[in-house]
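Residues per chain are reported as follows:
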Amino acid sequence: MRHLISSGSSFEHDIGYSRAVVDGEWVFVSGTTGFDYASMTIADDVVVQTEQCLANIEQVLREADATFADVVRVRYILPSADDFPACWPALRGAFGKARPAATMIEAGLIDRRVKIEIEVTARRSR
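Counting restarts for each chain: residues are numbered from 1 in the order of the written sequence. Two thresholds apply to this predicted model, a pLDDT of at least 70 for residue-level local features and 80 or more for giving and counting side-chain atom pairs, whereas whole-chain, interface and lining totals are computed over all residues. Values shown for side chains rest on all heavy atoms present in the structure; no hydrogens or waters enter the calculation.

## As for the overall build of the chain
Moving on, step 1. A run of H or I in DSSP counts as a helix once it spans at least four residues, and a run of E counts as a strand once it spans at least two, with each numbered from the N terminus. Of the regular secondary structure elements, the chain holds 3 helices and 6 strands.
Moving on, step 2. Listing each helix as α and each strand as β along the chain from the N terminus yields β-α-β-β-α-β-α-β-β.
Moving on, step 3. Here the chain, with 126 residues, has 37% of them falling under the buried criterion.
Moving on, step 4. The contact rule is simple, with two residues in contact once any of their heavy atoms fall within 4.5 Å. Of the contacts formed within the chain by residues at least 6 apart in sequence, a portion of 68% connects residues at least 24 apart.
Moving on, step 5. The charged-residue count follows a simple rule in which Lys and Arg add positive charge and Asp and Glu add negative charge, with His and chain termini not counted at all. Charge positions come from single atoms, namely NZ of Lys, CZ of Arg, CG of Asp or CD of Glu. Measuring between centres, the 14 positive side-chain charges of the chain sit 6 Å from its 18 negative side-chain charges. Burial status follows relative accessibility: with a 1.4 Å probe on protein chains alone, a residue under 20% of its type maximum counts as buried, one over 50% as exposed, and anything between as partly exposed.

Here is the structure:
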């Protein structure tokens, strides 16, 4: 059974994607930024952005009946690899128990204000 989850962003419609796709026991969460979707604002600080990314992902996982403990793969994308170590405490807080397979990629992002984007795959254990 396939279920699509939306954040309500116009980009999802314009580009043709979903915030997340639940397919059976699998949950695929699209790259998620540190935008506060309620106010459509983004902090300048990479750590604050990371914390907001994680809050956004946690909300999607909850809607998919999953948690950070179910995450099996995570990808971090940052325009500057130098910013990555500052994010580690927040990332460890979210993923430290599950210890998913992880990749960090240094790449340009579509919005220059974005300092980190996080994508996860989870396998629901329920």
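## Concerning the pairing of strand 5 (residues 101-106)
Moving on, step 1. In this structure, strand 4 (residues 71-78) lies alongside strand 5, joined through 6 bridges in parallel fashion. Within strand 5, the residue paired with R73 across the bridge is A101.
Moving on, step 2. With helix 3 (residues 84-95) bridging strand 4 and the parallel strand 5, this β-α-β connection has right-handed handedness. Only strands joined by at least two bridges in the DSSP assignment are considered to pair. Whether a crossover is right-handed comes down to one check: with the strands pointing away from the viewer, does the path from the first strand over the helix to the second run clockwise; if it does, it is right-handed.

## Observations regarding the side chain of S18
Moving on, step 1. Among the structural elements, S18 can be located in the loop between helix 1 (10-16) and strand 2 (20-23).
Moving on, step 2. Judged by its relative accessible area of 17%, S18 falls in the buried class.
Moving on, step 3. Dropping the residues within four chain positions of it, S18 is found in contact with L4, I5, E12 and S30.

## Concerning the packing of aromatic side chains
Moving on, step 1. Planes of paired rings set the category: under 30 degrees apart is stacked, over 60 is edge-to-face and the rest tilted, where pairs are Phe, Tyr or Trp rings (Trp by its six-membered ring) whose centres lie within 6.5 Å. Taken as a whole and assessed by the stated rule, the structure comprises 5 aromatic pairs.
Moving on, step 2. When the ring of Y76 is compared with that of F95, the centres are 6.5 Å apart and the planes differ by 65°; the resulting orientation is edge-to-face. Taken together, the residues span a long stretch of sequence, with Y76 in strand 4 and F95 in helix 3 at a distance of 19 residues. By the burial criterion, Y76 is buried, and F95 matches it.
Moving on, step 3. Taken together, F68, Y76, F84, W88 and F95 form an aromatic cluster joined through their ring pairs.

## As for the pairing of strand 3 (residues 26-32)
Moving on, step 1. As defined by bridge partners, strand 2 adjoins strand 3 across 4 bridges and the pair is classed as antiparallel. When the sheet's bridge partners are listed, A20 is paired in strand 3 with V29.
Moving on, step 2. Hairpin connection, strand 2 to strand 3: the antiparallel pair is bridged by 2 residues, and G24 has positive phi, about 65°.
Moving on, step 3. Sheet topology places strand 3 next to strand 6 (residues 117-123); 5 bridges connect them, and they run antiparallel. Paired with T32 across the strands is I118, a residue of strand 6.

## Overview of the sheet that holds strand 1 (residues 2-5)
Moving on, step 1. Reading across from one edge, 1-2-3-6-4-5 is the order of the 6 strands in this open sheet, with mixed pairing throughout. The open sheet has two edge strands with one neighbour each: strand 1 and strand 5. When the angles between neighbouring strand axes are averaged without regard to direction, this sheet yields 10°.
Moving on, step 2. In this fold helix 3 packs onto strand 4, strand 5 and strand 6, with an angle of close to 160° to the strand it touches most, strand 4. As a rule, the C-alpha atoms of each element are fitted with a line to give its axis, helices using only the stretch in contact, and angles between N-to-C directions run from 0 to 180 degrees.

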